[in-house]
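# A structural walkthrough
The lines below spell out each chain.
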Amino acid sequence: MRFESEAADLVPEWHASPVRRRALAVLLAKRFKNACATRDLRIDAGGQEILRRSSCEVGEDGSVVFRLGAQLPGHGRRIAGRQAARLLCEALPDAADAALAVGEEEAERWVRHADDVAALREAVAAAGLVAFVADGSMLARRSGVDDRPLESGVPFASPESMAVEFTLPHAGTVRGMGIGPGITLIVGGGFHGKSTLLRALESGVWDHVPGDGRDLVVADPSAVKIRAEDGRAVTGVDVHAFVDHLPSGEDTRRFTTANASGSTSQAASVVEALEAGSRVLLIDEDTAATNLMIRDARMQELVAKDREPLTPLVDLVRSMADDHGVATILVMGGSGDYMDVADRVVLMDAYRPEDVTARARALAAEPTGRKVEAEGFRMPRARVVDPRSVSSEARGRQKIRADGTDGLRFGESEVDVRSVEQITDHSMTSGIGLAIEAAVRRGWIDGEATIAQFLGRMEAELESGGEAELLRIRDVDFALPRRYEVAATLNRIRELRVRRAEE
Ligand code: ADP
Ligand code: MG
């Protein structure tokens, strides 16, 4: 349903920039949803994130397109004509009119918020920080299935030593905790808010609706959540830095398995994220493989290094940061070994962060007898995807279908993306499926370009007019993903075939 700018009648300043148009489109989709008097009209209004969605687009000229589903009333296979006419000729335009009759106060709140977050992201990057959490933020959610802010929670307050201030165009000066590059360790007792902070950072790659509580929480746009995921498929990934001399004698420079273990799956996910261009890794002990994270002095004594295929991350993160500019933010309440390598240590105490870096340094000065197990980290070599292995068409299968956030079908084959935690919802899963299909059809995946090259190309193409690009593949609800979600999904396709790029 399309409204030309005269009909939509929006104030020109509201759609004066891409970030404003994106925010306004989300607002209009949400208003449309609220205005729907009937369940037979369904619009994808999304959750707490502000994403580019197919459900509503605001054009540069102020035109508005709504794309939604209508369930035509009927009896058996016959459509009830009069009711259907009412739905399409009354309920539908009524909802659209109500959505477009947005008041000045509400619209201004959304577009100003969009300006502020965009300015904050720029300022945070310019300050050399990888993340920022504003004072007063509410990071906790109502429940595991309700992503709205916890109303009675403890608001965030930065420790003095980590506090930074930025001036935003509308909100003025905001203060909060700035997280710099290198290695950041989040410690604290169980149930003190560590994972909640990390989850807010994971979500900080997206903008949020005003009033979300994470309004001014931002993370580096390349931040990727890494976790263990036993059972996943891995195809030709160089996990050698983490996994060497397997008992099977397999070459871990091109590690392939249909059934990875906790540790090898996590190692593969780290390497794949770096290959896709991520420079900030987010890891939570709750979902990490312990044997890939740490090995303490006693275990080093008991099990000889040549009997242990794994090199723990604790011995690699320093080189990742120093030699390759990869920052790591990790939650680790159960082991002190990361104090040896951390640049800063944040203690969560009853949901309040404290800077305990100095105390951690003093503790780390006492040797534990632990030996460093690696010389350094080498960036993975680039891989090239065989387009035939990921094309649903070439395999004689037509449909890409998203089955909730947890799975994606490529024809008959299922891609399990349940552990790709930054995928926000069903529509993003669809967007990923369409993006991969577009990449094959348009030749961004051409059997020559490396994964990073094709992702760069795809990102540029989707940035300008991605909605139209993906709608050409299939007319379904979708949200535009980042390159990292696309890469993570691609890497989980069980039929994937890759080759090493020539040096
Ligand atoms: P940890 O990872 O340290 O064990 P979690 O982050 O899982 O702790 O938080 C434990 C509980 O506390 C969760 O139910 C979470 O929603 C709640 N919580 C987290 N932060 C806050 C806060 N700022 N105010 C109130 N409750 C919070
Ligand atoms: Mg936790």
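Thresholds applied
- Going along each chain's sequence as written, the residues are numbered from 1 onward.
- Working convention: letters from A go to chains and numbers from 1 go to ligands, in the order in which they are written.
- Thresholds applied to this predicted model are a pLDDT of at least 70 for local features of residues and 80 or more for the giving and counting of side-chain atom pairs; totals over whole chains, interfaces and linings are not thresholded and use all residues.
- Side-chain metrics rest on all non-hydrogen atoms present in the structure, leaving aside hydrogens and water.
- Centres within 6.5 Å are what make two rings of Phe, Tyr or Trp a pair, Trp counting through its six-membered ring; a difference in plane orientation under 30 degrees is then read as stacked, over 60 as edge-to-face, and the rest as tilted.
- Only DSSP runs of H or I covering at least 4 residues are called helices, and only runs of E covering at least 2 are called strands; the numbering of each starts at the N terminus.
- A positively charged side chain is recorded as over a ring if its NZ (Lys) or CZ (Arg) lies within 6 Å of the ring centre. The angle to the ring normal must also be within 35 degrees.
- One heavy atom suffices: a residue is near a molecule or strand as soon as one of its heavy atoms comes within 4 Å of it.
- Each polar contact in these results corresponds to two N or O atoms within 3.5 Å; when the atoms are within protein, one needs to be able to donate a hydrogen and the other to accept it, and residues that are neighboring in sequence are counted only if both atoms are side-chain atoms.
- Here the accessible surface of atoms and residues is derived via Shrake-Rupley with a 1.4 Å probe, and residues count as covered only by protein chains that are part of the display.
- Any residue outside Ala, Val, Leu, Ile, Met, Phe, Trp, Tyr, Cys, Pro, Asp, Glu, Lys and Arg is labelled polar, Gly included; the first ten of those are nonpolar and the last four are charged.
- Donors, by definition, are the N, O and S atoms found within 2.8 Å of a metal, the threshold being 3.2 Å for Na, K and Ca, and water is not counted, so a site can look incomplete.
- Three labels apply to residues, based on accessible area from a 1.4 Å probe with only protein chains included: buried if under 20% of the type maximum, exposed if over 50%, partly exposed otherwise in between.
- Any two residues whose heavy atoms approach within 4.5 Å at even a single point are treated as in contact.
- Domain delimitation in this document rests on an assignment produced automatically or drawn from a domain database.
- By definition, a salt bridge exists where a carboxyl oxygen of Asp or Glu is found within 4 Å of a side-chain nitrogen of Lys or Arg.
- Candidates for patches are residues over 30% relative accessible area with no salt bridge; among them, like charges are joined within 9 Å and nonpolar side chains (Val, Leu, Ile, Met, Phe, Trp, Tyr) within 5 Å.
- Note: two strands are recorded as paired if DSSP finds a minimum of 2 bridges between them.
- Every axis in this analysis is a line fitted to C-alpha atoms, fitted for helices over the stretch in contact. Angles between the N-to-C directions lie between 0 and 180 degrees.
- Residues belong to one nonpolar core when they are buried, are Ala, Val, Leu, Ile, Met, Phe, Trp, Tyr or Cys, and are joined through side-chain atoms within 4.5 Å.

Right, let's talk about the packing of aromatic side chains for a bit. Counting across every chain of the model gives 4 aromatic pairs. For the ring pair F3 and F66, a centre distance of 6.2 Å and an interplane angle of 85° mean the geometry is edge-to-face. Placement of the pair is F3 in strand β1 (residues 2–3) and F66 in strand β5 (residues 64–66), with a sequence separation of 63 residues. Among the aromatic residues, those joined into a ring-pair cluster are F3, F32 and F66. Taking the ring centre of W206 as reference, the NZ or CZ of R482 above it sits at 5.5 Å.

Looking at ligand 1, there are 13 residues lining it, with V154, F191, K194, S195 and T196 nearest. Measuring from an oxygen atom of ligand 1, one finds a backbone N or O atom of G193 at 3.1 Å. Here ligand 1 loses 78% of its free accessible area of 560 Å² to cover by the protein chains. Here the residues of the shell around ligand 1 are counted per class, giving 5 nonpolar, 7 polar and 1 charged.

Distances from the magnesium ion (ligand 2) to its protein donors, S195 (OG) and D286 (OD), fall within 2.1 to 2.3 Å. Of this pair, S195 sits in helix α5 (residues 194–203) while D286 sits in the loop between β20 (280–284) and α7 (290–293), placing them 91 residues apart in sequence.

Once that is clear, we can look at the side chain of R20. Tracing the backbone shows R20 in helix α2 (residues 18–35). For R20, a relative accessible area of 12% translates into the label buried. The contact partners of R20, leaving out residues within four places of it in the chain, are E13, W14, V111, R112, A114, D115 and H170.

Here we take up the domain arrangement of the protein. Here the domain parsing of the protein yields domain 1 (2–102), domain 2 (127–381) and domain 3 (383–500). Its C-alpha centre places domain 1 at a distance of 27 Å from the equivalent point of domain 3. In this assembly, 9 residues from domain 1 lie in contact with 15 residues from domain 3. Summed over the shared surface of domain 1 and domain 3, the number is 2 salt bridges. Here the residues of the side of domain 1 that touches domain 3 sort into 1 nonpolar, 2 polar and 6 charged.

This part is about a nonpolar patch on the surface. A contiguous nonpolar surface patch, about 250 Å² in accessible area, is contributed by L72, I79 and L88. Here I79 shows up in strand β8 (residues 78–79).

Right, let's talk about the sheet that holds strand β9 (residues 131–134) for a bit. Taking strand neighbours across the sheet as the criterion, the 4 strands line up as β12-β13-β9-β16 in an open arrangement whose pairing is antiparallel. Looking at which strands have only one partner, the edges of the open sheet turn out to be β12 (163–168) and β16 (217–219). Adjacent strand axes in the sheet meet at a mean angle of 30° when their direction is disregarded. Examined bridge by bridge, β9 and β16 share 3 bridges and lie antiparallel to one another.

Attention now moves to the side chain of D425. Here D425 shows up in the loop between β27 (413–416) and α12 (426–441). In this structure D425 comes out as buried when scored by relative accessible area, which is 15%. Reaching out from D425, the side chain makes a polar contact with the side chain of R53 at a distance of 2.7 Å. A distance of 3.0 Å separates a polar atom in the side chain of D425 from the backbone nitrogen of M428.

Once that is clear, we can look at the nonpolar core. Formed by 106 residues in total, the largest nonpolar core has its most connected members in F242, M320, Y338 and F454. Considering every element that reaches this core, the biggest residue donor is α12, with 8 residues. Counting contributing residues per domain, this core is built from domain 2 (127–381) and domain 3 (383–500), each supplying no fewer than three. Setting aside anything within four residues of it in sequence, one finds Y338 in contact with L185, M293, I294, L313, V314, V317, L330 and M332. Counting residues in each nonpolar core, the second largest holds 33 residues, with C36, I50, W110 and V209 among its members.

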